[in-house]
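Here is how the chains run, residue by residue.
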Amino acid sequence: MAAVRWLRSTYPGAAGPSAASSVFLLGDSSGGGVAISAALACKRDGVQLDGCCAICPATDYTFSSESYATRMWDAGTMTGDPVFTESEAFDRFGLAPGPEQVRIDREQRQEYTANYLGDVPMDDPLTSPAHASVDDFVGVCPLLFLSADEDVSLDDAVRCAKIAQQAGCSVDLVVWPRVWCAPTTSSHSGSSISCRGW
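Described in the following lines is the structure provided in the data block. Every chain's residues receive numbers from 1 upward, in the order its sequence appears when written. Totals for whole chains, interfaces and linings use every residue, but because this is a predicted model, local features are given only for residues with pLDDT of at least 70 and side-chain atom pairs only at 80 or more, for both listing and counting. As a convention, hydrogens and water are excluded, and side-chain values are obtained from all of the structure's heavy atoms.

### With respect to the packing of aromatic side chains
Our working definition: Here a pair means two rings of Phe, Tyr or Trp (six-membered ring of Trp) with centres within 6.5 Å. Their orientation is stacked below 30 degrees between planes, edge-to-face above 60, and tilted elsewhere. For each residue, the accessible area found with a 1.4 Å probe, counting protein chains only, is set against the maximum for its type, and the residue is called buried under 20%, exposed over 50%, and partly exposed in between.
This model, assessed by the stated rule, comprises 1 aromatic pair. A ring pair is formed by Tyr61 and Phe63, whose centres lie 5.8 Å apart and whose planes are at 80°; its orientation type is edge-to-face. Here Phe63 falls in the buried class, since its relative accessible area comes to 4%.

### Thoughts on the sheet that holds strand β5 (residues 143-148)
Spelled out, the test is: DSSP-based pairing: two strands are paired if at least 2 bridges between them are found. Only runs of H or I of at least four residues qualify as helices and only runs of E of at least two qualify as strands under DSSP, and these elements are numbered from the N terminus. To get an axis, fit a line to the C-alpha atoms, keeping to the stretch in contact for a helix; angles then go from 0 to 180 degrees between the N-to-C directions.
Reading across from one edge, β3-β4-β5-β6 is the order of the 4 strands in this open sheet, with parallel pairing throughout. The sheet is open, and its two borders are formed by β3 (24-28) and β6 (171-176), each paired with just one other strand. Across this sheet, the average inter-strand angle for adjacent strands is 10°, counted without regard to direction. Across 6 bridges, β5 lies against β6 in parallel orientation. The residue bridging Phe145 from the neighbouring strand is Leu173, located in β6.

### Comments concerning the pattern of salt bridges
Which entries qualify depends on this criterion: For this document, the term salt bridge refers to a Lys or Arg side-chain nitrogen within 4 Å of an Asp or Glu carboxyl oxygen.
Under the definition given, this model contains 4 salt bridges. Between Asp45 and Arg44 there is a salt bridge; the shortest N-O distance is 2.8 Å. Judged by relative accessible area, Asp45 falls into the partly exposed class, the value being 34%. You can call Arg44 exposed: its relative accessible area is 53%.

Listed below in C-alpha cells is the structure:
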C-alpha cells in the first residue's frame, strides 16, 4: 500500500517527482497472490489502482484447492507441475535442482505458511484472496489472471477470477495448456497458446 501511495504522489519522472498517471501491479506465483491482496487493500482504503496482473497466483494459503493434489507431478505420465516436486523432474527438464528441491505436499506447505503468517489466519482474505467475498471484490480494479493448466495453483486463479466476476469486476482469465507454474519465466514451458473459457 505504501508503494502504491508513493507512486501516486511522487513517481520519479524525467522532469522530477510527480503523480503517476497510472499504477498497475504485477505478481508471479506467491507474488501474484500478493498483487491481488494489494488490489483488495487499495479498494478498501480508497487508493486508486488501474489494473492488476497475477501470473499463476497462489491465492489460498489453506491449500484447499483440488489442483494442489491433481496437478502434482506424476513421473509415470510426465504430467503435472514439476516445480514443487522430486529432483528427477528437474533433471528431466534440465532445471538444475538443488538438494532442497524435494516434493512439497499440501501439509508441508501449510506448515511453512503457518510459520510465515504467524497469528494471521490462513484464510484471511488479504492473505488468501480466494477466501474473499463477492463484496470484498466489488469496485476492485481490472484483473488479469494468467495461469497454467498443469500448475498446482490453477484452481486458486479460477476461484478468484470467478469471485471477482460475480462482483462485477473487469476480469480476464487466460490458462496456458500443457505448461506448469510461471510459464512466462520458463524456457521449458512448451506451447504459449492461450485458451479461454472457464
